[in-house]
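If you want the building blocks of each chain, they are given just below.
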Amino acid sequence: DTIFLNKRNSNIQDTIWENGWNKSKQNTARKWINKLQYEGTVSYFFVYNLKWYEGLWSWLIIVISTITSALSLVQLDEIKYKYVNNGIKISLSFAAIITTLLAAWIKKENYAGRIQETDRYLQKIQKLTTECDHILSQDVGHRISYQEYVEEYQQSVINLLAATVPMSPEEYKK
């Protein structure tokens, strides 16, 4: 059962109101909005999940870098505190490795790019959903004709529903 220009209508739903609209066509337009809102909701939670993880990893890098900077300032007598100095040097090397690995992980996961792409997708969905919903909220006599509505919005709806945000099945489940 497709949501676009469904030809299977009951006789009651075939009664034309004004401007080419009828109950069936209104339901079809409402289905477009519902599908867009669903994709928008999934994408909204996805982008905030990405932002949370990106923030967590970034904060961890800041904490490790701060501790590394503080340790590098420690100056102890080489002879008297030989083992402590060696421990500090090992800790600094380990912290540098961890920081580099975390930065590489953030880069590999492309958090910033995925967040930006999802934000753009969400803006498009919200704009289109608001426009379509506004049209449907108007009195039938004051709306654009159904033919104009289909010509202006159908392809945009199809394009947005076909180009959902790329996410793994695990990310989709969350």
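Residues numbered from 1 in each chain as written. Predicted model: local features only at pLDDT ≥ 70, side-chain atom pairs only at ≥ 80, totals over all residues. Heavy atoms only, no water.

1. Quick word on unusual backbone geometry
Even without a glycine there, the phi angle at N110 is positive, about 50°. Of note, N110 is situated in the loop between α2 (82-109) and α3 (111-137). By relative accessible area, which is 40% here, N110 ends up partly exposed. (Helix = DSSP H or I, 4+ residues; strand = E, 2+ residues; numbered from the N terminus. Buried < 20%, exposed > 50% of the residue type's maximum accessible area, 1.4 Å probe, protein only.)

2. Notes on a nonpolar patch on the surface
Residues W59, I62, V63 and I67 make up a contiguous nonpolar surface patch of roughly 390 Å² in combined accessible area. When you line up the elements, W59 lands in helix α1 (residues 23-72). (Patch = residues over 30% accessible without salt bridge, like charges linked within 9 Å, V, L, I, M, F, W, Y side chains within 5 Å. Areas by Shrake-Rupley, 256 points an atom, 1.4 Å probe, with all protein chains shown as cover. Salt bridge = Lys/Arg side-chain N within 4 Å of Asp/Glu carboxyl O.)

3. Points about α3
Across its 27 residues, α3 extends 38 Å between first and last C-alpha, which sits within 8% of the 39 Å expected from 1.5 Å per residue. Contact partners of the buried residues in α3: α1, α2, α4 (146-162) and α5 (169-173). (Expected span 1.5 Å × (residues − 1). Contact = heavy atoms within 4.5 Å.)

4. A short note on the side chain of T99
One can find T99 in helix α2. For T99, a relative accessible area of 16% translates into the label buried. If we ignore the near neighbours within four places in the chain, the residues touching T99 are I61, I64 and S65.

5. Some thoughts on the packing of aromatic side chains
For the structure on display, the rule yields 8 aromatic pairs. Ring geometry for Y44 and F45: centres 5.7 Å apart, planes at 85°, overall edge-to-face. The exposed category is assigned to F45, whose relative accessible area is 55%. Judged by centre distance (4.9 Å) and plane angle (50°), the ring pair of Y44 and Y48 falls under tilted. (Phe/Tyr/Trp six-rings, centres within 6.5 Å; stacked < 30°, edge-to-face > 60°.)

Keep in mind these values describe shape, not function.
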